Amino acid sequence: MSKITHAATRAAFGTAIDGVLKYVSRDRKEHMMKLVDLSEKFLGDTFRQQTYDGARNLILEDGKWMQFIDRALSELDPHVLKTTALNLGFEAGFAGFKKTRELSEKLDTNIPWIILMDPTSACNLHCTGCWAAEYGNKLNLTFEDMDSIITQGKELGIYFYMMTGGEPLVRRKDIIRLCEKHSDCAFHAFTNATLIDEELCREMQRVGNLSLSISLEGFEEVNDGRRGQGIYKKVLDAMDLLKAHGLIFGTSICYTRNNVDVVSSDEFLDLIIEKGCRFTWYFHYMPVGNDAATELLPTREQREYMYHRVREIRAKEGGKPIFAMDFQNDGGYVGGCIAGGRFYCHINPNGDMEPCVFIHYSDANIHNNTLLECFQQPIFRAYRRGQPFNENHLRPCPMLENPECLKAMVEETGARSTDLQSPESAEHLCEKCMPYAKDWKDKADELWENRKSRG
């Protein structure tokens, strides 16, 4: 697409979005339908016809999800909404996604839709089970490093950048600078929320293209048991600030054997919804690191419960007015493992390009290689050849559910451990996952067959 055509299409989307923001009731629905029509005209067969039809039906039904959208349109800052719709919707989700898929085919290389990067390994907390603790507390990507990643990424069609860590908001000034310089990109930070204040909220309102996922592991006793005394109250106060400023945020929840029931309970969900959360990410605990607490791995029964529970939360009838995602159990919607650059990858604070935020093996570094060269490193190519690692997408991961796959890829490619404190061999990591993988297999296969039989 030429720059002129791109600019004209973005302007057309902007006009359509203005119509949605300006009008209410029936007029708002009419403008939303025009937005779907425009998306279909621009994207064509990038998505299946039922995707567009499903969006139209959602608007016409006036059910739970339309009410969810109406509430967001009424409560969120208009500049934040429009910027998010243009950057995350048009640039990343439409134009960018289309370009990355085309390049992936042309180059026979996984080109991700999202890049996760760690601005810093520094953190003001030390939470049990956090992979970031592996890297130590002294590594940083400079502003210039991150700027180069984004500049190169945009050339490849990548317009969505997530910040992990460490605690990314330790680098809040540089993150805001990136939001300003790359005002056509969407940025998202996973944060413990303890550094959120009035000043940051005003800056987020101003730039409009930064959203947050707040780490929360349950109510006060459970959360503070993992994160430290007083953190729960700080998180709730931060949510109040973000809601008051009309900003987009949700929760990032690591579910373990100890907190599954709490973090999926009606009481907990009602609390975070009332506080202004629009979404909640559920991440299955991963036993990464030589000192990982394998006793925190959910049981087979708990994982099955989460499979059903997240679908209850999302259901059109009943459920909750919040969008819930399960990083492991939603593999069926994305065709299995999305790492290794298929949809996303991770850059640690040392600059190592890793297949996944949980898979710390690499042979490419942004200080020595271009972004494209990093995507073409041997272990990423092995991911591309191996995906999906299992036809049962409830067993998507080459580490957790198919540990023999990760072990083989690391051995084949010679990728090194990127853990700079206590390097962990793939054999050691995968050995820890084998009992879990074996225990989950039969139940996962049963759930997958039932899903297929329902169509």
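Everything below is about the structure shown above.
Below is a short write-up of the structure. In this text the structure is predicted, and so the values were computed from the model without any measurement.

Topic: the overall build of the protein
- Of regular secondary structure, the protein possesses 18 helices and 11 strands.
- Relative to the 2.2 N^0.38 estimate, which gives 23 Å for 455 residues, the radius of gyration of the protein is 21 Å and therefore close to what a compact globule would have.
- Taking all 455 residues of the protein together, 58% fall into the buried category.
- The contacts of the protein with a sequence gap of at least 6 include a subset with a gap of at least 24, amounting to 73%.
- Roughly 19,100 Å² of accessible area belongs to the protein as shown, and the carbon and sulfur atoms make up 52% of that amount.
- Taking the average location of the 55 positive side-chain charges in the protein and that of its 67 negative ones, the two points are 4 Å from each other.

Things to note about the packing of helix H5 (residues 78-107) against helix H8 (residues 198-207)
- As a packed pair, H5 and H8 sit with axes 7 Å apart at the nearest point and diverge in direction by 55°. The pairing of H5 with H8 is recorded here as oblique in orientation. For the pair formed by H5 and H8, the contact residues are His 79, Val 80 and Thr 83 on the first element and Met 204, Gln 205, Arg 206 and Val 207 on the second.
- By residue class, the composition of the contact of H5 with H8 is three nonpolar, three polar and one charged.

Quick notes on the pattern of salt bridges
- Applying the stated rule across the entire model yields 36 salt bridges.
- Note that Glu 61 is salt-bridged to Lys 316, the shortest N-O span being 3.5 Å. Of this pair, Glu 61 sits in helix H3 (residues 49-61) while Lys 316 sits in the loop between helix H13 (300-314) and strand E7 (323-326); the two residues are 255 residues apart in sequence, bridging distant segments of the chain.
- Two residues, Lys 443 and Glu 304, come together in a salt bridge whose shortest N-O distance is 3.6 Å. Of this pair, Lys 443 sits in helix H18 (residues 426-453) while Glu 304 sits in helix H13; the two residues are 139 residues apart in sequence, bridging distant segments of the chain.
- With a relative accessible area of 16%, Lys 443 lands in the buried category.
- Residues participating in the shared-partner salt-bridge network are Asp 266, Asp 270, Arg 309, Glu 312 and Lys 320.

Re the environment of Leu 271
- Inspection of the secondary structure puts Leu 271 in helix H12 (residues 266-274).
- Measuring from C-alpha to C-alpha, the distance between Leu 271 and Phe 219 comes to 9.7 Å, with 52 residues separating the pair along the chain.
- Discounting chain neighbours no more than four positions away, the residues touching Leu 271 are Phe 219, Tyr 232 and Leu 236.

What about the nonpolar core?
- If you look at the biggest cluster of nonpolar residues, it comprises 137 residues, and the most contacted ones within it are Ile 196, Tyr 282, Phe 375 and Leu 406.
- Here this core takes nine residues from H18, the largest share from any one element.

A few points about helix H16 (residues 378-386)
- Within H16 the residues assigned to the buried category are Ile 379, Phe 380, Ala 382 and Tyr 383. Looking straight down H16, one finds its buried side chains confined to an arc of 155°; they lie on one side.
- Here the buried face of H16 lies against strand E8 (344-347), strand E9 (353-354), strand E10 (361-362), helix H15 (371-375) and helix H17 (403-413).

Section: the side chain of Thr 191
- Structurally, the position occupied by Thr 191 is in strand E3 (residues 186-191).
- In this structure the side chain of Thr 191 is engaged in a polar contact, spanning 2.9 Å, whose partner is the side chain of Glu 167.
- Excluding anything up to four places from it in sequence, Thr 191 contacts Glu 167, Leu 169, Ile 196, Leu 212, Ser 213, Ile 214 and Ser 215.

Considerations on the sheet that holds strand E2 (residues 160-163)
- In spatial order, the strands read E7-E6-E5-E4-E3-E2-E1-E8-E9; together these nine strands make up an open sheet with mixed pairing. At either end of the open sheet lies a strand with only one pairing partner, and these are E7 and E9.
- Relative to E9, E8 runs antiparallel, the two sharing two bridges. Across the sheet, Ile 347 pairs through a bridge with Met 353, a residue of E9.
- Taken strand by strand, helix H7 (residues 172-181) contacts E2, E3 and strand E4 (210-215), and its axis lies near 145° from that of E4.

Brief notes about the pairing of E2
- Neither face of E2 is exposed, since Phe 160 and Met 162 on one face and Tyr 161 and Met 163 on the opposite face are all buried.
- Bridge count for strand E1 (residues 114-117) against E2 is four bridges, and the pairing is parallel. For Ile 114, the partnering residue across the bridge sits in E2 and is Phe 160.
- Direction of pairing for E2 relative to E3: parallel, over a ladder of four bridges. Looking at the pairing, Phe 160 lines up with Ala 186 of E3.
- With respect to chirality, the unit in which E2 leads through H7 into the neighbouring parallel E3 is right-handed.

What counts and what doesn't
- Residues numbered from 1 in each chain as written.
- Predicted model: local features only at pLDDT ≥ 70, side-chain atom pairs only at ≥ 80, totals over all residues.
- Heavy atoms only, no water.
- Helix = DSSP H or I, 4+ residues; strand = E, 2+ residues; numbered from the N terminus.
- Rg over C-alpha atoms; globule rule 2.2 N^0.38 Å.
- Buried < 20%, exposed > 50% of the residue type's maximum accessible area, 1.4 Å probe, protein only.
- Contact = heavy atoms within 4.5 Å.
- Areas by Shrake-Rupley, 256 points an atom, 1.4 Å probe, with all protein chains shown as cover.
- Lys, Arg positive; Asp, Glu negative; His and termini not counted.
- Charge placed at Lys NZ, Arg CZ, Asp CG, Glu CD.
- Axes fitted to C-alpha atoms, helices over the stretch in contact; angles between N-to-C directions.
- Parallel < 35°, antiparallel > 145°, perpendicular 65-115°, else oblique.
- Nonpolar A, V, L, I, M, F, W, Y, C, P; charged D, E, K, R; others polar.
- Salt bridge = Lys/Arg side-chain N within 4 Å of Asp/Glu carboxyl O.
- Core = buried A, V, L, I, M, F, W, Y, C linked by side-chain atoms within 4.5 Å.
- Arc of directions from axis to C-beta.
- Polar contact = N/O pair within 3.5 Å; in protein donor to acceptor, adjacent residues only side chain to side chain.
- Pairing = 2+ DSSP bridges.
- Right-handed = clockwise from strand over helix to strand, strands pointing away.

So far we have only geometry, and geometry alone does not tell us how the molecule works.
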